[in-house]
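# Overview (structure and organization)
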Amino acid sequence: MSQRRRPRVLAYAAGLAALSAVLGASTIIVLQPHWFIRILAARSPSVVYFVDTDEPVVALTIDDGPDGATTPAILHVLESYEAHATFFLISERVAANEGITRDLVERGHELGNHMTRDEPSVRLSPAQFERSLLEAHAVLARFAPLRWLRPGSGWYNGDMHSIAALNGYRIALGSIYPYDAQIPSVRFATWHILRNVRPGAVIALHDGGARGHRTVETLRRVLPALRQRGYRVVTLSEAWSYR
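Here the structure is a predicted model, which means the values were calculated and not measured. (Residues numbered from 1 in each chain as written. Predicted model: local features only at pLDDT ≥ 70, side-chain atom pairs only at ≥ 80, totals over all residues. Heavy atoms only, no water.)

### Description of the overall build of the chain
Within the chain one finds 10 helices and 7 strands. Within the chain, the fraction of its 243 residues that count as buried is 54%. For the chain, the proportion of contacts with a sequence separation of at least 24, taken over those separated by at least 6, is 78%. Accessible surface computed for the chain: about 10,600 Å², of which carbon and sulfur atoms make up 52%. (Helix = DSSP H or I, 4+ residues; strand = E, 2+ residues; numbered from the N terminus. Buried < 20%, exposed > 50% of the residue type's maximum accessible area, 1.4 Å probe, protein only. Contact = heavy atoms within 4.5 Å. Areas by Shrake-Rupley, 256 points an atom, 1.4 Å probe, with all protein chains shown as cover.)

Shown next, in the form of structure tokens:
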């Protein structure tokens, strides 16, 4: 495997693993320090971890939809608090949920590309990665323009980065990840988000099944608290406009 193809320790999960060797995994889970996110962002400035702004905006991103049961519930709670999000959709899940996908766009939310299937993108060869990216694009672009890519599992390498850029995408990860895919606790996710939030933060949550139900409950707790603190919850593109 070439040096470019070797997964870089730039993805958020990889960075956490590296720092955990020094500080301990439990400390990383609790702290998720912003200074470390800034180091990752500085090493890879074309990848979006957060938006550098003083405006009281927070970008909400939601992965792995659409889901026939949980996505409508997420949309309902977002509407209740006048919040918007970027939904990183897995394209093979769209065919059974085209009405929901159209509804996302009509309600002012943004679509992002989360590839064709739920799998670690970094394990794909460059040709496989590009094929999956373009296949997902062909499905999702029927509903709205696309500019953001979030690789499956958050890992990426140099080839993936180059292929994304050549196809008009920018990789977007996040600065607040409450481990909702690993820790099935609404209380922890709520605490984690509210502890780490700051202007320009990018929050990553998950849709689908039990994760989607937890996201609904987490948003019911987080959104009013963010509003009380003076934050607006917006799409990634809207937050990006405040740089």
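Past the structure itself, the notes keep going.
### Examining the confidence of the model for the chain
Considering every residue of the chain, the mean pLDDT works out to 90; 87% of them sit at 70 or more. Predicted confidence is poor over residues 1–14, with pLDDT under 50, and the contacts of this stretch with residues over four places away or in other chains come to 45 contacts. Confidence drops under pLDDT 50 across residues 16–20; counting only partners more than four residues distant or on other chains, this segment forms 11 contacts. (pLDDT = per-residue confidence, 0-100.)

### Some points on the side chain of Asp63
Of note, Asp63 is situated in strand S1 (residues 57–65). At a separation of 2.8 Å, a polar atom in the side chain of Asp63 contacts the side chain of Arg150. Residues in contact with Asp63, not counting those within four places in the same chain, are Phe88, His114, Arg150, Leu205, His206 and Asp207. (Polar contact = N/O pair within 3.5 Å; in protein donor to acceptor, adjacent residues only side chain to side chain.)

### A short note on the layout of surface pockets
As a volume, the second largest pocket reaches approximately 150 Å³. Ranked by residues supplied to the lining of the second largest pocket, first place goes to helix H3 (residues 34–43) with 3 residues. Classifying every residue of the lining of the second largest pocket gives 8 nonpolar, no polar and 3 charged. (1 Å grid on protein atoms, 1.4 Å probe; cavity = no way out; pocket = protein on both sides within 12 Å on 5 of 7 lines; lining within 4 Å. Points joined across faces, edges and corners; volume = space filled by probe spheres on them. Nonpolar A, V, L, I, M, F, W, Y, C, P; charged D, E, K, R; others polar.)

### With respect to the packing of aromatic side chains
The relative placement of two aromatic rings is captured by the distance of their centres and the angle of their planes. Under the criterion given, the structure shown has 3 aromatic pairs. Ring centres of Trp148 and Trp240 lie 5.9 Å apart, and the angle between their planes is 85 degrees; on these two criteria the pair is classed as edge-to-face. Residue Trp148 is located in strand S4 (residues 148–149), and its partner Trp240 is located in helix H10 (residues 236–240); the two are separated by 92 residues in the primary sequence. Each member of the pair, Trp148 as well as Trp240, is classed as buried. (Phe/Tyr/Trp six-rings, centres within 6.5 Å; stacked < 30°, edge-to-face > 60°.)

### A short note on empty space enclosed by the protein
Taken as a whole and assessed by the stated rule, the structure comprises 1 cavity of 30 Å³ or more. The space that makes up the largest cavity amounts to roughly 40 Å³. As for the largest cavity, its lining consists of Asp180, Ile183, Ser185, Val186, Ala189, Leu205, Arg214, Thr215 and Thr218. Mapped by element, the contributors of at least two residues to the lining of the largest cavity are helix H8 (186–196) and helix H9 (209–228). Element by element, the count of residues in the lining of the largest cavity is highest for H9, at 3 residues. Tallied by class, residues from the lining of the largest cavity come to 4 nonpolar, 3 polar and 2 charged.

### Some remarks on the nonpolar core
Within the largest apolar cluster, 53 residues are counted, with the highest numbers of intra-cluster contacts made by Tyr49, Leu60, Leu78, Phe87, Phe129, Leu149 and Leu219. With 6 residues, the top contributor of residues to this core is H9. Here Phe129 is in contact with Met115, Ser121, Leu124, Leu149, Met160, Ile163 and Ala164, once residues within four sequence places are set aside. Core analysis: the second largest hydrophobic core is formed by 12 residues, Ala59, Phe88, Ala172 and Val234 among them. (Core = buried A, V, L, I, M, F, W, Y, C linked by side-chain atoms within 4.5 Å.)

### Details of the pattern of salt bridges
In this structure the tally under the stated criterion is 12 salt bridges. Arg150 is the salt-bridge partner of Asp63, the closest N and O atoms lying 2.8 Å from each other. Taken as a pair, Asp63 in strand S1 and Arg150 in the loop between S4 and helix H7 (158–166) lie far apart in primary sequence, 87 residues in all. Residue Arg150 is classed as buried on the basis of its relative accessible area of 4%. (Salt bridge = Lys/Arg side-chain N within 4 Å of Asp/Glu carboxyl O.)

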